[in-house]
Amino acid sequence: MIQADNLTFQYPGSHVQAARNLNFRIEPGEIFGFLGPSGAGKSTTQKILIGLLKGYTGKISIMGKSLEDWDPDFYNHVGIGFELPNHYLKLTAMENLRFFGSFYSRKKDYLGLLEKVGLLQDANKIVENFSKSMKVRLNFIRALLHDPEILFLDEPTTGLDPVNSRKIKDIILDQKAIGKTIFVTTHNMHDADELCDRISFIVDGELMITETPKQLKLDHGKHKVKVEYADGGQLIKVKEFPLKDIGKDQKFMDILKTREVISIHSQEASLDEVFIKVTGKNLL
């Protein structure tokens, strides 16, 4: 659905390339994540892919067609969720959706979308009086108005509490389930781990590695299992065992048979730890 070959971009007046020789391919129905700190090149790449930034070098193909060959019909096929909400503040939520919906040849159920993100009761309220979370959620469903084949989502859960963040992530997963292709940029490793089929780490405009979240955690974690268990009903003991041939480890088996096991955890790395290890950078 999306392919970039040697994509490079430099802002006018800058001496640094914001994107440098990026190569990636996103398959139909895949959630693909660009992960990196602020200023890494995530949003720049997305703006190039959606046609907002020109003057790049390299090749971009979307839905089997060169980006340069698309006409305005391109925007009937893609939905875009920017990180910062941009609404007409003097209009109601419904009026905003109807206005932006008028740009497209395909329409969706406005009230149904508002209900999905918990804004149905606020449909006729002036957006100027919305909280930041409400504006973020309204901004998100605008990307779904015309039932696009591809979604570009920039930091889709930023500014949301856990409950509303969960709503947004569930909608993203629902979109994947019906075959949509989704490009997500984020610095939230927990979201990326939960949502993405594959991720790329981007730092200073350069892709460092592309892999599934699970494989990255396995490759860069300890190949051990940590067991916590009660001893005498009070003290908690912790032991680590090599994961290889663990079923043949007699000490491990004895603990399972004779102790009150509290928890068993594999010692795979978190994506935050992997990112720091691979890139030498923090996500802040």
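See the structure printed just above.
Residues numbered from 1 in each chain as written. Predicted model: local features only at pLDDT ≥ 70, side-chain atom pairs only at ≥ 80, totals over all residues. Heavy atoms only, no water.

A count of helical and extended segments in the protein chain gives nine helices and 13 strands. For the protein chain, the proportion of its 284 residues judged to be buried stands at 45%. Sequence separation of 24 or more characterises 66% of the internal contacts of the protein chain that already satisfy a separation of 6 or more. Only carbon and sulfur atoms are counted for the fraction: they give 51% of the accessible area of the protein chain, which is about 14500 Å². If you average the places of the 38 positive and of the 38 negative side-chain charges in the protein chain, the two averages end up 2 Å apart. (Helix = DSSP H or I, 4+ residues; strand = E, 2+ residues; numbered from the N terminus. Buried < 20%, exposed > 50% of the residue type's maximum accessible area, 1.4 Å probe, protein only. Contact = heavy atoms within 4.5 Å. Areas by Shrake-Rupley, 256 points an atom, 1.4 Å probe, with all protein chains shown as cover. Lys, Arg positive; Asp, Glu negative; His and termini not counted. Charge placed at Lys NZ, Arg CZ, Asp CG, Glu CD.)

In sheet architecture, strand pairing relies on hydrogen bonds along the backbone and comes in two forms, parallel and antiparallel. Reading across from one edge, β2-β1-β4-β5 is the order of the four strands in this open sheet, with antiparallel pairing throughout. Two strands in the sheet have a free side with no partner beyond their single neighbour: β2 (19-26) and β5 (65-66). Those strands touched by helix α1 (residues 42-49) are β1 (2-9), β2 and β4 (57-62), and its axis lies near 115° from that of β1. (Pairing = 2+ DSSP bridges. Axes fitted to C-alpha atoms, helices over the stretch in contact; angles between N-to-C directions.)

The backbone phi angle of D147 is positive, close to 55°, even though this residue is not glycine. In this structure, D147 sits in the loop between α4 (132-142) and β7 (150-154). Residue classification places D147 among the partly exposed positions, given a relative accessible area of 29%. Phi is positive for D245, which is not a glycine, with a value near 55°. According to the relative accessible area criterion, D245 is partly exposed, its value standing at 47%.

Here we take up the side chain of T45. Looking at the secondary structure, you find T45 in helix α1. Reaching out from T45, the side chain makes a polar contact with the backbone oxygen of G41 at a distance of 2.8 Å. Setting aside residues up to four positions removed in sequence, T45 forms contacts with L7, A19, L22, F24, F34, F183 and I202. (Polar contact = N/O pair within 3.5 Å; in protein donor to acceptor, adjacent residues only side chain to side chain.)

A few words on the packing of aromatic side chains. Applying the stated criterion across every chain yields a total of 17 aromatic pairs. Residues F24 and F34 carry aromatic rings whose centres are separated by 5.2 Å and whose planes lie at 70° to one another, so their mutual orientation is edge-to-face. In this pair, F24 is assigned in strand β2 and F34 in strand β3 (residues 31-35), connecting sequence segments ten residues apart. With a centroid separation of 5.1 Å and 55° between ring planes, the pair formed by F34 and F183 is classed as tilted. Highlighted residues: F34 in strand β3 and F183 in strand β8 (residues 181-186), separated in sequence by 149 residues. This pair shows no difference in class: F34 is buried, exactly as F183 is. The residue whose ring lies beneath K65 is W70, and the NZ or CZ to ring-centre distance is 4.5 Å. For the cation-ring pair, R142 lies above F100, with the distance from its terminal atom to the ring centre recorded as 3.8 Å. (Phe/Tyr/Trp six-rings, centres within 6.5 Å; stacked < 30°, edge-to-face > 60°. Lys NZ or Arg CZ within 6 Å of the ring centre and 35° of its normal.)

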